[in-house]
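# Residue-level structural notes
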Amino acid sequence: MERIGSFFNDMSFKSKILMAFIFIALIPLSVLGIFSYKTIRSMLINKETMYLEATFAQTSQILDSTIGIYDNAIRSLCFNRQLINLNQTNYTSDYDRYESLNFIDDLFVTTQNLVPEVEYITLFTNSNMGVHGNTVRSMEEIRSSKWYDFISDTATSWLYDGNRIYCVHPMLDSGTSDRNRSYIVMQIKVETLEEILRIVDAQNISVVIRSQRSDIICNNGNPQNANEMIDQIPSLNELYIDNNKFVSVKDYVKGTEWMVVMSASYYDILMSTYLYSSIVIIIILSCFFVVFVVSIRFSKKMLVRIDELKRNMAEVEDGSFVVNVKSSSKDEIGELIRGFSAMIVKINELIEKNYKATVEKKDYELKALQAQINPHFLYNSLSLINWRALRIDAPEISELARLLSDFYRTTLNRGNSMTIVRQEMLNIKSYLQIQQIMHNDSFRVEYQIEDMIGNCLIPNLTLQPLVENAIVHGLEKSDAPGRLTITAVRKNDDIHIVIKDNGAGIPAPSLENILETESQGGGYGLKNVNQRIKLFFGEEYGMSIESVLEQGTVVTVRIPARYGNNDRKGEEQTSGARPF
């Protein structure tokens, strides 16, 4: 008993509900023994006839589609303006005939390649371009055929001569008189239609296609006296039972005068009813099935809220802290859902609180870095150096002092966390000019900056650490002449800033986790820059790094194109900034 109890406890709640319903339903099943044989037989006959109708509809649709392909192909030839002109031309030279016949050959061969199972395409014409194989023939030949009288003067005609299928259409502008009229004839393999009929793979179902001359084109079931059976069917697209012998349905093939007929043996349909050898077994199994279906639907209805709660919990496990399930019911499941919702709200509040704390921490780190410099003392010192340098006629020292002043003014940015691209570019330009003086112009710098992004917002001190890394870890470690390229362009709603050097490059093992590694020198490293971008703009923005050893490194910064509250305010924040 303990093992049975343990097994029952381990079963899912849905299985327990199903089991309870099934056991309860087994009791009244013993009294449900009155199912008539005729009801069962009627049900099976309806099922088989519906299957026959569905198969007939599918076969007719495929036939219509196939006929439409050939009809469109022959129409495109008959309405081809160049072919019409060639057909109406009065040829006076063999060269013109040769060129025309070559064009027609190529056109017909292309059509044959595009449309399957076409044996050949022939233009029957009264033109004097001459007879050319199966491609161009005289109208006298088609007039002598036994199906010429069935050809339409305005539309596509589908004909069958006992061996071949012909698709015939008059040429556009070929005239109304018999003497001036031209036709295009497309000969199609009978196997094309036979392949379509092979889709009817059910037993004891036959399909017959009959021409307008009562010729049997295709017949996959070989019913005896097919024409007689077809003529007995009184109406189109409706089932007809012939003296309890055949169940048949017929209709015209779209775009033709052909008739498609599908039939099945009525006796074979009735044979399926004899599979039920015991009325009692049928009743019991049917009732059991009904009870089982009802049990499943009822259990699903009862457990739908639990399933929704389970899915929401799985989404929370995957990192999506959004409440998708709600309940106003006062039962145990409703209380469970409301408790879960309250927990998720609390978790979201804690995440938001932690996020704000992280942003404030990063902002504090940057301001702490800026605060290491006494701006008033620094500006006064640099001004004094500049004045003394000008006094003793030392322009290089004066320029260096000015560059340092620009660099630290844009770095401090009046204590603001955000700046604009123009001011950030002035910052790194001043820094790079100082570095070039320090390195005796051992490397050159190229700028490719779009003017339209100058007032877009960017976190302050974003690019200087990247430029510094390019010089210290790239250009200084390479013997080749240094080159640093800084590009800033707008792509859709984003700004892409690319810093490219031809330095020593980064080894592959270091490159894999470089954005996750803290700076070793105590400075403001790549990881901090990447984290600040994501904190300000979202996880979809940030940095990417590509590098090839001994060839160089490319760092790409992607940020959104945002202008803040207004451009004027951005201009005020960048007073003193100069064009790129």
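How each quantity is defined
- Residues numbered from 1 in each chain as written.
- Predicted model: local features only at pLDDT ≥ 70, side-chain atom pairs only at ≥ 80, totals over all residues.
- Heavy atoms only, no water.
- Salt bridge = Lys/Arg side-chain N within 4 Å of Asp/Glu carboxyl O.
- Buried < 20%, exposed > 50% of the residue type's maximum accessible area, 1.4 Å probe, protein only.
- Helix = DSSP H or I, 4+ residues; strand = E, 2+ residues; numbered from the N terminus.
- Axes fitted to C-alpha atoms, helices over the stretch in contact; angles between N-to-C directions.
- Left-handed = near helix turned anticlockwise from the far one by under 90°.
- Contact = heavy atoms within 4.5 Å.
- Nonpolar A, V, L, I, M, F, W, Y, C, P; charged D, E, K, R; others polar.
- Pairing = 2+ DSSP bridges.
- Expected span 1.5 Å × (residues − 1).
- Polar contact = N/O pair within 3.5 Å; in protein donor to acceptor, adjacent residues only side chain to side chain.
- 1 Å grid on protein atoms, 1.4 Å probe; cavity = no way out; pocket = protein on both sides within 12 Å on 5 of 7 lines; lining within 4 Å.
- Points joined across faces, edges and corners; volume = space filled by probe spheres on them.

## Overview of the pattern of salt bridges
Taken as a whole and judged by the stated rule, the model has eight salt bridges. Between R137 and E141 there is a salt bridge; the shortest N-O distance is 3.0 Å. With relative accessibility at 24%, the residue R137 sits in the partly exposed group. Judged by its relative accessible area of 33%, E141 is partly exposed. With a shortest N-O distance of 3.0 Å, D494 and R558 are connected by a salt bridge. Linking D494 in strand β15 (residues 494–501) with R558 in strand β17 (residues 552–560), this pair joins segments that are 64 residues apart in sequence.

## A few points about the packing of helix α4 (residues 81–88) against helix α5 (residues 94–114)
Relative orientation of the contacting elements α4 and α5 amounts to 145 degrees, with a least axis distance of 11 Å. By crossing handedness, the relation of α4 to α5 is classed as left-handed. Across the interface between the two elements, Q82, L83 and L86 from α4 touch S100, F103, I104, L107 and F108 from α5. Looking at the contact of α4 with α5 residue by residue, the class counts come to six nonpolar, two polar and no charged.

## A short note on the environment of S341
Positionally, S341 belongs in helix α11 (residues 332–371). Judged by relative accessible area, which is 16%, S341 ranks as buried. Sequence separation between S341 and L309 is 32 residues; the distance between their C-alpha atoms is 9.7 Å.

## Points about the pairing of strand β7 (residues 216–219)
Taken together, the three bridges between strand β6 (residues 205–210) and β7 define a ladder with antiparallel strand orientation. Counterpart to V208 in the pairing with β7 is N219. Between β6 and the antiparallel strand that follows it, β7, lie five residues; S214 among them carries a positive phi value of about 65 degrees.

## Focus: the sheet that holds strand β14 (residues 482–491)
Either a parallel or an antiparallel arrangement is found when strands of a sheet pair, and the pairing is made through backbone hydrogen bonds. The mixed open sheet is built from five strands, whose spatial order is β12-β14-β15-β17-β16. Each end of this open sheet is capped by a strand with a single partner; those strands are β12 (443–449) and β16 (542–548). The mean inter-strand angle of the sheet, taken between neighbouring strand axes irrespective of direction, is 10 degrees. Here β12 runs beside β14; their pairing, made up of seven bridges, is parallel. Following the sheet pairing, I449 is matched in β14 by A488. Helix α14 (residues 421–438) rests against β12, β14 and β15 of the sheet, and its axis sits at about 165 degrees to β12. Strand contacts of helix α17 (residues 526–537): β16 and β17, with the helix running at about 145 degrees to β16, the strand carrying the most contacts.

## Topic: the sheet that holds strand β4 (residues 165–170)
One open sheet accounts for five strands, arranged β2-β1-β5-β4-β3; its pairing is mixed. Of all the strands in the sheet, just β2 (136–138) and β3 (157–160) have a single pairing partner and so form its edges. Strand-to-strand, the axes of this sheet are offset by a mean angle of 30 degrees, without reference to chain direction. Pairing analysis gives three bridges linking strand β1 (residues 118–125) to β2, with the strands arranged parallel. The partner of F124 across the bridge, within β2, is R137. Across the sheet, α5 lies against β1, β2 and β5 (183–188), angled at about 145 degrees from β1, the strand it touches most.

## Digging into helix α15 (residues 464–475)
Compared with an ideal rise of 1.5 Å per residue, which puts twelve residues at 16 Å, α15 spans 15 Å between its outermost C-alpha atoms and is within 8% of the ideal. Residues of α15 that are buried: Q464, P465, L466, V467, A470, I471, G474 and L475.

## Points about the side chain of S547
Residue position: S547 is located in strand β16. Under the relative-accessibility criterion, S547 is labelled buried at 16%. Of note is the side chain of S547, whose polar atom sits 3.2 Å from the backbone oxygen of G552. Among all residues touching S547, those that are not within four sequence positions of it are G505, I506, L511, G552 and T553.

## Here's the deal with empty space enclosed by the protein
Here the structure, examined in full by the defined rule, presents one cavity of 30 Å³ or more. By volume, the largest cavity is sized at about 40 Å³.

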